[in-house]
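Structural description and commentary
Listed below, chain by chain, are the residues.
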Amino acid sequence: TRDYKRENGENLYRRSMYTFWKRSAPPASMEVLNAPNRETCTVRRDRTNTPIAALLTLNDIQFVEAARVLAERAMKAHPDDLARINGIARRLLAREFKPQELEIVQQSLADLKAHYATKPADASKLISFGESKADPSLSVGELAAWTMLVNELMNLDEVLNK
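Residues numbered from 1 in each chain as written. Predicted model: local features only at pLDDT ≥ 70, side-chain atom pairs only at ≥ 80, totals over all residues. Heavy atoms only, no water.

As a further point, take the packing of helix α4 (residues 61–77) against helix α5 (residues 81–93). Put simply, α4 and α5 touch, their axes get as near as 9 Å, and they point 135° apart. In this view, α4 runs oblique relative to α5, as classed from their interaxial angle. Where α4 crosses over α5, the handedness of that crossing is right-handed. Packed against α4, whose contacting residues are L70, R73, A74 and M75, the element α5 presents R84, I88, R91 and L92 at the interface. (Axes fitted to C-alpha atoms, helices over the stretch in contact; angles between N-to-C directions. Helix = DSSP H or I, 4+ residues; strand = E, 2+ residues; numbered from the N terminus. Parallel < 35°, antiparallel > 145°, perpendicular 65-115°, else oblique. Left-handed = near helix turned anticlockwise from the far one by under 90°. Contact = heavy atoms within 4.5 Å.)

Listed below in structure tokens is the structure:
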């Protein structure tokens, strides 16, 4: 058990349901998210909201890949931006955005689309994170913008601390 080897292909996603845990060296992501140390029984986990947790959820390959997959699903399932945003909100928050929230999200999406329209190399790099391949039928720049938007939304306090 000294060396942990990450699985590949379909087994990667099956195994991500479980975490390899050694008492002497708990997984760093679990420690960052204030998981209990397993020395005593814990009925309720502490809520966590720290800058280092935000760094994890915004940059860890598993979170970025999950954001891309949710973005792809939204892009395929809904014809327009508003329907996509509301679909993502229902998935992450179990509700739609309030009008003032929606305005901020729409502005963020517009900024991201403008950014990735002028930086196709950055867009390609972003959507290549993770082991699963990005859907080639979707525009690279648009998928990158939606990926970053979903990643941003997955980092909301309301999403992480439901």
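From this point, the narrative continues.
Once that is clear, we can look at the pattern of salt bridges. Side chains carrying opposite charge are able to pair once their charged atoms draw close together. In the structure shown here, the tally under the stated rule is nine salt bridges. Residues R68 and E72 are paired through a salt bridge, measuring 3.3 Å at the closest nitrogen-oxygen approach. With R68 and E72 both in helix α4 and four residues apart, this pair spans about one turn of that helix. Here D81 makes a salt bridge to R84, at a shortest N to O gap of 3.8 Å. (Salt bridge = Lys/Arg side-chain N within 4 Å of Asp/Glu carboxyl O.)

So, about the side chain of D135. Structurally, D135 is set in the loop between α7 (120–127) and α8 (140–154). On the accessibility criterion, D135 (16% relative accessible area) is buried. Within the structure, D135 has its side chain in polar contact with the side chain of K76 (distance 2.7 Å). If we ignore the near neighbours within four places in the chain, the residues touching D135 are E72 and K76. (Buried < 20%, exposed > 50% of the residue type's maximum accessible area, 1.4 Å probe, protein only. Polar contact = N/O pair within 3.5 Å; in protein donor to acceptor, adjacent residues only side chain to side chain.)

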